[in-house]
Amino acid sequence: MTKEILAELIDAHQTELFRYLKYLGADYAVAEDLVQDAFLRAFRAASTPDLANPSVRRAWLRRISHNLFMDHCRRHTSSPVFFDSKTADQAEAFWQHEFLPHDEGFGCMEALEQCLHNLPGRSREMIDSFYAGRSSRDELAQAFGISADGVKIALRRIRQALGECIEQRLSQS
């Protein structure tokens with residue numbers, strides 16, 4: 001592979017791979033590092049697939065990224081992310097089915113951002129605390145003055161509302 005082809009791959013797929021790794025559960029810094037590692041590994045590969053075929057090169061780069069993420073999870077056993085090969089296969093199938101048909105996930109991510117922005121304050125705060133803050137259900141229960149089961153139900157309803165909002169926004173575009 002030449003440096004020019006590598007530059008084209010980076011330009012075309014860097015954002016998609018970053019979003020894919022974030023989807024798998026990598027935090028921001030880890031996703032950035034793994035994307036760089038994925039392109040380095042692709043550049044050093046002894047053989048490459050048909051790089052003229054966009055779907056083949058996307059799948060190849062996702063597989064490299066996936067393998068790097070799995071290696072990262074194995075090395076960092078204290079990571080809060082549990083990821084095994086069955087989960088990885090499910091994540092890949094979901095990514096291909098749900099994200100790729102919608103402009104490589106860009107439309108889905110934009111819709112998610114808009115839907116998150118439109119959440120009522122308490123719901124947004126709960127989602128942010130749970131996912132970004134990595135607060136436990138018990139911690140959220142104490143902070144919001146409800147039971148842990150109440151938090152579980154609230155999170156389920158918020159995720160359902162977000163899913164419906166995203167589907168609605170995607171169907172309008």
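Residues numbered from 1 in each chain as written. Predicted model: local features only at pLDDT ≥ 70, side-chain atom pairs only at ≥ 80, totals over all residues. Heavy atoms only, no water.

## What to know about the overall build of the protein chain
Of regular secondary structure, the protein chain possesses eight helices and zero strands. Going through the 173 residues of the protein chain one by one, you find that 34% of them count as buried. Across the protein chain, the fraction of contacts at a sequence separation of at least 24, relative to all contacts at a separation of at least 6, is 60%. Accessible area for the protein chain stands at about 10700 Å²; split by element, carbon and sulfur atoms hold 49% of it. (Helix = DSSP H or I, 4+ residues; strand = E, 2+ residues; numbered from the N terminus. Buried < 20%, exposed > 50% of the residue type's maximum accessible area, 1.4 Å probe, protein only. Contact = heavy atoms within 4.5 Å. Areas by Shrake-Rupley, 256 points an atom, 1.4 Å probe, with all protein chains shown as cover.)

## Quick notes on the packing of aromatic side chains
Overall, the coordinates contain one aromatic pair when judged by the stated rule. With centroids separated by 5.0 Å and ring planes inclined at 75 degrees, the aromatic side chains of Phe 18 and Tyr 28 adopt a geometry described as edge-to-face. Here Phe 18, found in helix α1 (residues 3-24), pairs with Tyr 28, found in helix α2 (residues 28-44); they are 10 residues apart in sequence, far enough to count as distant. (Phe/Tyr/Trp six-rings, centres within 6.5 Å; stacked < 30°, edge-to-face > 60°.)

## Here we look at the confidence of the model for the protein chain
Put simply, the protein chain has an average pLDDT of 80, and 80% of its residues get 70 or more. Looking at the elements of the protein chain, mean pLDDT is at its lowest for helix α4 (residues 85-99), recorded as 65, and at its highest for helix α7 (residues 137-144), recorded as 89. (pLDDT = per-residue confidence, 0-100.)

## Some words on the pattern of salt bridges
Considering all chains together, one arrives at three salt bridges under this definition. Note that Arg 58 and Glu 16 form a salt bridge whose closest N and O atoms lie 3.5 Å from each other. Of the two residues, Arg 58 is situated in helix α3 (residues 54-75) and Glu 16 in helix α1; the sequence distance between them amounts to 42 residues. The same class applies to Arg 58 and to Glu 16, which are both buried. Residue Arg 62 is joined to Glu 16 by a salt bridge in which the shortest nitrogen-to-oxygen separation is 3.6 Å. Of the two residues, Arg 62 is situated in helix α3 and Glu 16 in helix α1; the sequence distance between them amounts to 46 residues. The exposure classification of Arg 62 matches that of Glu 16, with both residues buried. Through salt bridges with shared partners, a single ionic network connects Glu 16, Arg 58 and Arg 62. (Salt bridge = Lys/Arg side-chain N within 4 Å of Asp/Glu carboxyl O.)

## Overview of α2
In this model, α2 (17 residues) spans 25 Å end to end at C-alpha, consistent with the 24 Å of a helix rising 1.5 Å per residue. Within the span of α2, buried status applies to Val 30, Ala 31, Leu 34, Val 35, Ala 38, Phe 39 and Ala 42. Viewed along the axis of α2, the buried residues span an arc of 165 degrees, placing them on a single side of the element. Summarising the geometry of α2, the exposed residues directed more than 90 degrees from the buried face are Gln 36 and Arg 44. Buried residues along α2 sit against α1 and α3. (Expected span 1.5 Å × (residues − 1). Arc of directions from axis to C-beta.)

## Here we look at a negative patch on the surface
A cluster of acidic residues, Asp 27, Glu 32, Asp 33 and Asp 37, forms a negative patch at the surface. Within the secondary structure layout, Glu 32 lies in helix α2. (Patch = residues over 30% accessible without salt bridge, like charges linked within 9 Å, V, L, I, M, F, W, Y side chains within 5 Å. Lys, Arg positive; Asp, Glu negative; His and termini not counted. Charge placed at Lys NZ, Arg CZ, Asp CG, Glu CD.)

## A look at the packing of helix α6 (residues 121-132) against helix α8 (residues 148-172)
Interhelical geometry of α6 versus α8 gives an angle of 105 degrees and a closest axis separation of 10 Å. In terms of orientation, α6 lies roughly perpendicular with respect to α8. Seen from α6, the contacting residues are Ser 123, Met 126, Ile 127, Phe 130 and Tyr 131; seen from α8, they are Val 151, Ala 154, Leu 155, Ile 158 and Arg 159. Of the residues in the contact of α6 with α8, the class split is eight nonpolar, one polar and one charged. (Axes fitted to C-alpha atoms, helices over the stretch in contact; angles between N-to-C directions. Parallel < 35°, antiparallel > 145°, perpendicular 65-115°, else oblique. Nonpolar A, V, L, I, M, F, W, Y, C, P; charged D, E, K, R; others polar.)

## So, α1
For α1, the principal kink sits at His 13 and spans about 55 degrees. The complete set of buried residues in α1 reads Leu 6, Leu 9, His 13, Glu 16, Leu 17, Phe 18, Arg 19, Tyr 20, Leu 21 and Leu 24. At the C-terminal side of α1, Gly 25 shows a positive phi close to 125 degrees. (Bend = angle between axes of the 7 residues up to and from the residue.)

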